[in-house]
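Chain by chain, the residues run as shown.
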Amino acid sequence: VGASRRGSATVEFAVLAPVFLALVLGAAQSAFNVDTAHSLYAAIRQAGRAAAMEDDLNLPSGQTLNEKVIQDIRNQLIAEGLPGDQMTITITKATGNAPFDLSDAANDLELFRITVSVPYSAMNSLGTFPTAGMSDFQASIVFRKGREAL
């Protein structure tokens, strides 16, 4: 019995090691994807709250409220290690893709959507998995534009 089993552990290892390695790498990549999605949603929530109630009085000279919100999101995500230069950040009406001007008083109490999109290839820096055919990481939240006085 002993002679016929010689080398079987090596063969079993050769068969199971790639499967186990793929599972471990897949779990690590999935955890990274969840963390990235959480970072995107957290940045949108933080900037969206400020955008919903912020007035134009605190803006740097020459900057619109939309530009400030987009820059705030970009800065937070860059601070978390995400590729800010490859992000697409949009502020649109909640229904459709029409731009939404946060500074326009006519938009008070209207719904708006902030969307952040990052290419999957920019997030897969280790090259763990092929990026062909992968879509972007995308997060989107709808807010209501507030106003100071009713």
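Residues numbered from 1 in each chain as written. Predicted model: local features only at pLDDT ≥ 70, side-chain atom pairs only at ≥ 80, totals over all residues. Heavy atoms only, no water.

A. Highlighting the overall build of the protein. Helix and strand content of the protein: three helices and three strands. Along the chain direction, N to C, the helices and strands of the protein fall in the order α-α-β-β-α-β. Of all 150 residues assigned to the protein, the portion counted as buried reaches 32%. A total accessible area of about 9300 Å² is found for the protein, and carbon and sulfur atoms account for 59% of it. (Helix = DSSP H or I, 4+ residues; strand = E, 2+ residues; numbered from the N terminus. Buried < 20%, exposed > 50% of the residue type's maximum accessible area, 1.4 Å probe, protein only. Areas by Shrake-Rupley, 256 points an atom, 1.4 Å probe, with all protein chains shown as cover.)

B. Representation of the side chain of asparagine 66 within the structure. By the secondary structure assignment, asparagine 66 is in helix H2 (residues 65-79). Leaving out residues up to four positions away in the same chain, asparagine 66 has contacts with Ile91, Phe100, Asp101, Leu102 and Ser103. (Contact = heavy atoms within 4.5 Å.)

C. Broad picture of the sheet that holds strand E2 (residues 111-118). What the three strands build is an open sheet, ordered E1-E2-E3; its pairing is antiparallel. Two strands bound the open sheet, and with one partner strand each, they are strand E1 (88-93) and strand E3 (137-144). Neighbour-to-neighbour, the strand axes of this sheet turn through a mean angle of 15 degrees, independent of strand direction. In the sheet, E1 pairs with E2 via six bridges, with the strands oriented antiparallel. Counterpart to lysine 93 in the pairing with E2 is phenylalanine 112. Most of the contacts of helix H1 (residues 8-53) go to E3, to which it runs at about 25 degrees, and overall it touches E2 and E3. (Pairing = 2+ DSSP bridges. Axes fitted to C-alpha atoms, helices over the stretch in contact; angles between N-to-C directions.)

D. Summary view of the pattern of salt bridges. This structure, assessed with the given rule, holds one salt bridge. Here lysine 68 ties to aspartate 72 by a salt bridge, and the two come within 3.1 Å at their closest N and O atoms. Taken together, the residues lysine 68 and aspartate 72, both in helix H2 and four residues apart, mark about one turn of the helix. Overall, lysine 68 belongs to the buried group, its relative accessible area being 17%. Residue class for aspartate 72 comes out partly exposed when judged on its relative accessible area of 32%. (Salt bridge = Lys/Arg side-chain N within 4 Å of Asp/Glu carboxyl O.)

E. The arrangement of a nonpolar patch on the surface in detail. A surface patch of nonpolar side chains, about 290 Å² in accessible area, is lined by Val11, Val15 and Leu16. Owing to a relative accessible area of 55%, leucine 16 belongs among the exposed residues under this scheme. (Patch = residues over 30% accessible without salt bridge, like charges linked within 9 Å, V, L, I, M, F, W, Y side chains within 5 Å.)

F. Region of interest: the nonpolar core. Membership of the largest hydrophobic core comes to 27 residues, with the highest contact counts inside it found for Val69, Ile73, Phe112 and Val116. Excluding residues within four positions of it along the chain, valine 69 makes contact with Ala47, Ala51, Ile91, Leu102 and Ile114. (Core = buried A, V, L, I, M, F, W, Y, C linked by side-chain atoms within 4.5 Å.)

G. Local environment of unusual backbone geometry. Unlike most non-glycine residues, leucine 109 shows phi in positive territory, near 70 degrees. Within the fold, leucine 109 resides in the loop between E1 and E2. Under the relative-accessibility criterion, leucine 109 is labelled partly exposed at 37%.

H. Region of the structure containing the packing of aromatic side chains. A full pass over the atoms with the stated rule returns two aromatic pairs. When the centroid spacing of 5.1 Å and the interplanar angle of 20 degrees are considered together, the rings of phenylalanine 100 and phenylalanine 112 count as stacked. Linking phenylalanine 100 in the loop between E1 and E2 with phenylalanine 112 in strand E2, this pair joins segments that are 12 residues apart in sequence. The two residues phenylalanine 100 and phenylalanine 112 agree in class, both being buried. In textbook terms, an aromatic cluster arises when at least three aromatic residues are bridged by ring pairs, as seen for Phe100, Phe112 and Phe143. (Phe/Tyr/Trp six-rings, centres within 6.5 Å; stacked < 30°, edge-to-face > 60°.)

None of the figures reported here should be taken as evidence of function without further support.
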